[in-house]
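Letter by letter, the chains look like this.
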Amino acid sequence: MAAAAKVSSIFRKSLFKGKVAIVTGGGTGIGKAITEELLHLGCKVMIASRNMERLQKAAEEMRSTIVPNKPSNLAHMQCNIRKEDNVKELISTTLNKFGKVDYLVNNGGGQFPSPASNISVKGWNAVIDTNLTGTFIMCREVYNQWMEQNGGVIVNIIADMWKGFPTMSHTGAARAGVDNLTKTLAIEWAADGVRVNSVAPGSSIYSETAAANYGDNKIFEHMIDVLPVKRLGTPEEISSCVCYLLSPAASLISGETVKVDGAHSLYNTKWEIKDHKKLPAFTWKNYKPESEDDDEPKSKL
Ligand code: ADE
């Protein structure tokens with residue numbers, strides 16, 4: 001039997017003993033780190049993803065490394081969160097297997113880089129369906145099948161879209177939608193004992209999955225200059241925030257989005273705008289009548 005891998009967690013080992021979580025996208029990157037920490041803290045976890053092969057491999061690995069003595073604490077199931085039937089089945093299967101669902105972590109999502117002008121409606125809809133509608137369906141179903149009667153905690157993983165999201169307009173719009181959905185559900189479901197929060201990882205969170213999506217590590221290396229903390233972030237630094245929000249330590253926190261980005265979203269952007277004179281010009285004329293700026297190009301508007 002393989003030795004248990006060292007999952008380092010600030011929380012006490014039995015924090016989530018007797019609890020059950022669903023983590024979408026729980027087999028890769030940030031979702032995998034969350035799954036590992038939850039398992040380490042005694043939680044039973046159902047991980048779900050569209051890609052069954054990758055999910056199964058990750059589940060087998062985590063069973064042997066994180067919970068070798070309790071491999072049945074981790075279940076996995078194929079689920080396309082865009083499809084209502086799949087989601088309904090995911091929740092009911094989890095209830096049949098583990099008897100309850102205390103926590104839902106909506107981490108599954110996907111997008112592709114493209115200037116907005118090149119995104120087809122099909123591509124746009126695919127990203128909105130996955131990241132916004134998929135998250136909505138997951139929340140609605142877990143509430144209808146379990147949390148309305150029994151309470152629970154939901155954490156949505158969104159993204160750093162606070163200054164817009166150039167080259168990722170679809171996912172920026174979807175994640176901003178989830179930020180707002182988080183607030184609405186926190187209010188609608190408060191009286192049922194359901195808390196709903198989001199975590200917004202910075203784009204500096206490094207994982208092999210993220211690097212593979214971008215195609216190379218250089219994007220991450222070049223980013224370091226514009227990060228206030230002058231280093232990349234780790235999936236484990238997202239996971240600890242998710243575990244905190246799920247835990248009773250956050251019992252008064254609902255409707256909140258926590259940025260975990262080392263102040264990146266407050267500071268700088270790599271997005272460069274080339275020099276241009278395409279907008280109405282500013283002229284000092286109205287302020288300093290003697291100004292030589294009277295020659296400024298006139299607005300086209
Ligand atoms: N990860 C990326 N897209 C997904 C989807 N549609 N369903 C579940 N997990 C996903």
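The structure under discussion appears in the preceding block.
Quantities reported herein were computed from a predicted structural model and do not represent experimental measurements.

> How should I be thinking about the site of the ligand in this particular structure?
Residues in contact with the ligand, as listed here, are Ser49, Arg50, Cys79, Asn80, Ile81, Arg82, Gly109 and Thr130. Here Asn80 contributes a side-chain N or O atom positioned 2.8 Å from a nitrogen atom of the ligand. Between the ligand and the protein, one listed contact pairs a nitrogen atom with a backbone N or O atom of Ile81 at 2.9 Å. Calculation on the ligand without its partners gives an accessible area of 260 Å², and the protein chains cover 89% of this total.

> Would you take a moment to explain the nonpolar core for this structure?
Counting residues in each nonpolar core, the largest one holds 36 residues, and the members touching the most others are Phe16, Leu38, Val199, Val242 and Leu246. If you list the elements that add at least two residues to this core, you get β1 (20–24), α1 (29–40), β2 (44–49), α2 (52–65), β4 (103–106), β5 (152–157) and α8 (235–246). Considering every element that reaches this core, the biggest residue donor is α8, with six residues. Once residues lying within four places of it in the same chain are set aside, the contact partners of Val242 are Ile34, Val105, Val155, Ile157 and Val199. Membership of the second largest hydrophobic core comes to 29 residues, among which are Ala75, Val101, Leu181 and Trp189.

> Whenever I open this one, the environment of Val121 confuses me. Can you help?
Mapped onto the fold, Val121 is located in helix α4 (residues 121–150). Accessibility expressed as a relative area gives 61% for Val121, which makes it exposed.

> Looking at this structure, I do not really get the packing of aromatic side chains. What am I missing?
Where two aromatic rings form a pair, the distance of their centres and the angle of their planes describe that pair. All told, the structure shown has five aromatic pairs when counted by the stated rule. The interplanar angle of 5 degrees and the centroid separation of 4.1 Å between the aromatic rings of Tyr143 and Trp189 together place this pair among those described as stacked. With a gap of 46 residues between them, Tyr143 in helix α4 and Trp189 in the loop between α5 (169–188) and β6 (194–201) connect regions that are remote in the sequence. Ring centres 4.9 Å apart and planes at 80 degrees place the aromatic pair Tyr206 and Phe220 in the edge-to-face group. With Tyr206 in the loop between β6 and α6 (208–214) and Phe220 in helix α7 (residues 218–223), the pair connects residues that are 14 residues apart, well separated along the chain. Taken together, the aromatic side chains of Phe282, Trp284 and Tyr287 make up a single cluster linked through ring pairs. If you follow Lys259 out to its NZ or CZ, it ends over the ring of Trp162, 4.9 Å from the centre.

> Help me understand the sheet that holds β2, please; the structure alone is not making it clear to me.
Two orientations exist for strands paired in a sheet by backbone hydrogen bonds: parallel and antiparallel. On the basis of which strands lie adjacent, the open sheet formed by seven strands has the order β3-β2-β1-β4-β5-β6-β7 and parallel pairing. Each edge of the open sheet is held by one strand with a lone partner, namely β3 (74–78) and β7 (257–260). Strand after strand, the sheet turns through a mean of 20 degrees between neighbouring axes, direction not considered. Where β5 lies against β6, six bridges are found, and the strand directions are parallel. Looking at β6, one finds that Asn156 is bridged to Ser198. The sheet contacts of helix α3 (residues 84–98) involve β1, β2 and β3, and relative to β2 the element is tilted by about 155 degrees.

Rules used throughout
Residues numbered from 1 in each chain as written. Predicted model: local features only at pLDDT ≥ 70, side-chain atom pairs only at ≥ 80, totals over all residues. Heavy atoms only, no water. Near = heavy atom within 4 Å. Polar contact = N/O pair within 3.5 Å; in protein donor to acceptor, adjacent residues only side chain to side chain. Areas by Shrake-Rupley, 256 points an atom, 1.4 Å probe, with all protein chains shown as cover. Core = buried A, V, L, I, M, F, W, Y, C linked by side-chain atoms within 4.5 Å. Buried < 20%, exposed > 50% of the residue type's maximum accessible area, 1.4 Å probe, protein only. Helix = DSSP H or I, 4+ residues; strand = E, 2+ residues; numbered from the N terminus. Contact = heavy atoms within 4.5 Å. Phe/Tyr/Trp six-rings, centres within 6.5 Å; stacked < 30°, edge-to-face > 60°. Lys NZ or Arg CZ within 6 Å of the ring centre and 35° of its normal. Pairing = 2+ DSSP bridges. Axes fitted to C-alpha atoms, helices over the stretch in contact; angles between N-to-C directions.

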